[in-house]
Every structure is written in C-alpha cells, then in structure tokens.
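Fold and contact review
Below are the chains, spelled out letter by letter.
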Amino acid sequence: MMFRSNVENQSHNAGSLPVSPEARSPRTCIVIPFKDPSLAKERLSEFLTSEQRRELALTLFDSTLASLSPFIGRADLLVVTNSPMIGLRAETAGAHALVESKSRGETAAIEEATRWSIARGYERQVVIPGDMARLDPADISALLDFRLAPPSVVLSPAVGDDGTNAIMTSPPDALPFRFGKASFPEYLLRAAELGVQARVLRLKSLVLDIDTPEDLRHFMKDQLGSPAQRLLMSWGIEELVTA
C-alpha cells in the first residue's frame, strides 16, 4: 500500500551484551530512502548527463530492491520517496511506499518513516539507502541476525567520509537521525550520551554507495558484472573514470 504525507563486530559501550539467539526475532521494518531520480547523482555531472544520472539511479534502486525483497517475511520494506513513480515501483516489488508531498531532505524523510514504523508497531528499524552499489544477501542476513536488547543501535559505516550506510535502531527512534559526512562518529557520540547500546558491523557490501567520482572509480574496479556496472560500461564510462 502506498502511504503519503565478511563481518567485524566492535563494541562501543563496554558491558552491553547481545540478546540470546533463542530470543524472538523483533518485528522489523527496513526503510529505503530514495529521492526523485531526476534529481539524483548531481556530483557525477562531470562524467554523466542528467538522463544518464537518472538511469543510473533507477538501476541502483531496482538492484537494491531486488537484493532486499527476498527478506520480506523476516522484515517488511518501506520505501520513502518524493517521487510517486518510485512509490509505484516499490509496491510492484512488494514494498510499502511512503510518498512525501515535497522533498525535505534525507533526515526529515527518515524521521517520517520512523513515525510510520512506530505507529505500526515495529520494534526495530533498519535504514539502507536505495542506491547502494551492490548488496550482498549474506551481509543483510548478518545485520538482521544481530540483536541487542533495546535501546540499541547497530551501525555499518560508509567508506571515505565517515558517513553511515546502514543503521539499525531498536526501538526505531532509539537515536536522533543524521545523515551525510561524519554521521558515523556522531552516532557513536550520541549513543554514549543517551545510554544507548552501540555496535559497529563492518559489512563489505554496505561500504560503497555511488555519489562522487571517486565512488564511481571504486565501483568500476570492484563491482564486476553488476547491472549498474554493465550500464556504465555501455556508456564508455570506464575509460573516463580510470583515465
């Protein structure tokens, strides 16, 4: 229904213990923020036209949904977007859609999605961007399997700018949200201030999204055979970014 309006564990708060593996799995919502693709990937304008950036964003979104859809049953999916077209695309893939009337930024979108999750009784929320380079199902499974007693947060950092590419909170509003550069150390700081258990889960496929020319260079070297890489190669981007 569309609504409008390898693994490394690092302890941050000493003495906090994971929930027993025999405990009931908490009811979980995976939130996937994705803005209007016509406005996406502006930092790649050096290499890509506006239409190419739109097509790349859609390809990454479809790949992200395809990677997460098999987990429906273990978790529900919610796409939060300012694009009705993306909302319909999400529903076709089996996700819920929360369509904003206007774009207010990623943090505001996640805050609205969090209110949606709480209103529907979800005990845990995972936020994963809709434009990840290539998600590994084993990494998603490892993230969902990792349980801490609430209030808690599990973080998977991005590469390069100390950002955060996945955050799992229990309850959904365990921490105030903040995205962008240096969000990862800030989350750890806020968790310590608020007494929220925090763990770091370094998951290889959650390290890279594609926002900058440097991301694009890493992607073209590492993500062999992915739909997005095949698309970029068909445009001759490989020669441009590796020159």
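Heads up: the structure comes first, above all this text.
Described in the following lines is the structure provided in the data block. (Residues numbered from 1 in each chain as written. Predicted model: local features only at pLDDT ≥ 70, side-chain atom pairs only at ≥ 80, totals over all residues. Heavy atoms only, no water.)

1. Here's the deal with the pairing of strand β8 (residues 164-170)
The element β8 is largely enclosed, with a buried count of seven among its seven residues. As paired elements, strand β6 (residues 124-127) and β8 share three bridges and run antiparallel to each other. Across the sheet, the residue bridging to V126 is M168, located in β8. Sheet analysis places strand β7 (residues 152-157) next to β8, joined by six bridges and oriented antiparallel. Bridge assignment links V153 to a residue of β8, and that residue is T169. (Buried < 20%, exposed > 50% of the residue type's maximum accessible area, 1.4 Å probe, protein only. Helix = DSSP H or I, 4+ residues; strand = E, 2+ residues; numbered from the N terminus. Pairing = 2+ DSSP bridges.)

2. Here we look at the packing of aromatic side chains
Following the criterion strictly, the structure yields four aromatic pairs and no others. Measuring from ring centre to ring centre gives 5.9 Å for W116 and Y122, while their planes differ by 15°; the resulting arrangement is stacked. Taken individually, W116 and Y122 each receive the classification buried, so the pair is uniform in this respect. Taken together, the aromatic side chains of F177, F179 and Y187 make up a single cluster linked through ring pairs. We note R27 situated over the ring of Y122; from NZ or CZ to the ring centre the distance is 4.1 Å. (Phe/Tyr/Trp six-rings, centres within 6.5 Å; stacked < 30°, edge-to-face > 60°. Lys NZ or Arg CZ within 6 Å of the ring centre and 35° of its normal.)

3. Section: the pairing of β6
Going residue by residue along β6, you find R124 and V126 tucked away on one face and Q125 and V127 tucked away on the opposite face as well. Summarising the sheet, strand β3 (residues 28-33) and β6 pair through four bridges and their orientation is parallel. Bridge pairing links I30 to V126 in β6.

4. Structural notes on unusual backbone geometry
That bond from P150 to P151 is cis: its omega, -5°, falls within 30 degrees of zero. With an omega dihedral of 0°, the bond running from S170 to P171 counts as a cis peptide bond. Notably, K41 is not glycine yet its phi reads approximately 60°, a positive angle. Its identity is not glycine, yet A182 carries a phi of approximately 65°, on the positive side. The topology assignment puts A182 in the loop between β8 and α5 (183-194). Classification of A182 by relative accessible area gives partly exposed; the value is 33%.

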